[in-house]
Amino acid sequence: MPEMTFRVRWPDGKESDCYSPSLVIQDHFTPGQDYPVPVFLEKADTALTQASERVRARYGFACSRALGQLQAIQQVCAPFLTQSDAQVRVLSFKS
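Residues numbered from 1 in each chain as written. Predicted model: local features only at pLDDT ≥ 70, side-chain atom pairs only at ≥ 80, totals over all residues. Heavy atoms only, no water.

Draft legend 1. The overall build of the protein, seen in detail. Helix and strand content of the protein: 2 helices and 4 strands. Each helix (α) and strand (β) of the protein, taken in turn from the N terminus, gives the series β-β-β-α-α-β. Computed over C-alpha atoms, the radius of gyration of the protein comes to 13 Å, within 12% of the 12 Å expected from 2.2 N^0.38 for 95 residues, which places it in the range of a compact globule. Looking at the protein as a whole, 35% of its 95 residues qualify as buried. Considering only contacts in the protein between residues 6 or more positions apart, those separated by 24 or more positions represent 63%. Here the protein displays about 5,300 Å² of accessible surface, and carbon together with sulfur accounts for 47% of that area. Between the averaged position of the 10 positive side-chain charges in the protein and that of its 10 negative side-chain charges there is a distance of 6 Å. (Helix = DSSP H or I, 4+ residues; strand = E, 2+ residues; numbered from the N terminus. Rg over C-alpha atoms; globule rule 2.2 N^0.38 Å. Buried < 20%, exposed > 50% of the residue type's maximum accessible area, 1.4 Å probe, protein only. Contact = heavy atoms within 4.5 Å. Areas by Shrake-Rupley, 256 points an atom, 1.4 Å probe, with all protein chains shown as cover. Lys, Arg positive; Asp, Glu negative; His and termini not counted. Charge placed at Lys NZ, Arg CZ, Asp CG, Glu CD.)

Encoded structure:
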């Protein structure tokens, strides 16, 4: 199963790499696109849950790394949920 890293810029300007065990992330995000924090969280939840379920379908167990990545994203985004103009930019994909 092809893995993918997607680089994001958080509303505070910090950047980080996020992990997905599947290329499904490309179905939900576009490099260079800004997403309001709640929209980014919803898309990340959908994409990483789908990616984890693809692992389950193939290997018989969920991908704990994808679910851990989702938790990390939720933690980083939490302080920005009250800022209506806060955006997350998806910078790039790397497989």
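Draft legend 2. Fine view of the nonpolar core. By size, the foremost hydrophobic cluster in this structure holds 25 residues, and its most contacted members are V8, W10, F40, I73 and C77. Considering every element that reaches this core, the biggest residue donor is helix α1 (residues 37-59), with 7 residues. With residues near it in sequence (within four places) discarded, C77 still touches W10, V37, F40, L41 and V88. (Core = buried A, V, L, I, M, F, W, Y, C linked by side-chain atoms within 4.5 Å.)

Draft legend 3. Molecular detail of the pattern of salt bridges. Scanning the model with the defined rule gives 5 salt bridges in all. Ionic pairing is found between R7 and D17, a salt bridge with its closest N-O pair at 2.8 Å. Taken together, the residues R7 in strand β1 (residues 4-9) and D17 in strand β2 (residues 15-20) connect sequence positions 10 residues apart. Among the residues examined, R7 registers a relative accessible area of 27% and is labelled partly exposed. Shared partners join several salt bridges into a network, and the residues in it are R7, R9, E15 and D17. (Salt bridge = Lys/Arg side-chain N within 4 Å of Asp/Glu carboxyl O.)

Draft legend 4. Geometry of the state of the cysteines. This structure, assessed with the given rule, holds 0 disulfides. Here C18 stays free of any disulfide, with the sulfur of C77 as its closest cysteine sulfur at 8.7 Å. A residue is classified by how much of its surface remains accessible, and C18, at 1% relative accessible area, is buried. Take C77: its relative accessible area is 0%, and that puts it in the buried class. (Disulfide = S-S within 2.5 Å.)

Draft legend 5. A look at the packing of aromatic side chains. Summed over all chains, the structure comprises 5 aromatic pairs. With a centroid separation of 5.0 Å and an interplanar angle of 35°, the aromatic rings of F29 and F40 are classed as tilted. Of the two residues, F29 sits in the loop between β2 and β3 (34-36) while F40 sits in helix α1, which places them 11 residues apart along the sequence. Residue F40 is classed as buried on the basis of its relative accessible area of 0%. Among the aromatic residues, ring-to-ring pairing joins F6, W10, F29, Y35 and F40 into one connected group. For the cation-ring pair, R65 lies above Y19, with the distance from its terminal atom to the ring centre recorded as 3.7 Å. (Phe/Tyr/Trp six-rings, centres within 6.5 Å; stacked < 30°, edge-to-face > 60°. Lys NZ or Arg CZ within 6 Å of the ring centre and 35° of its normal.)

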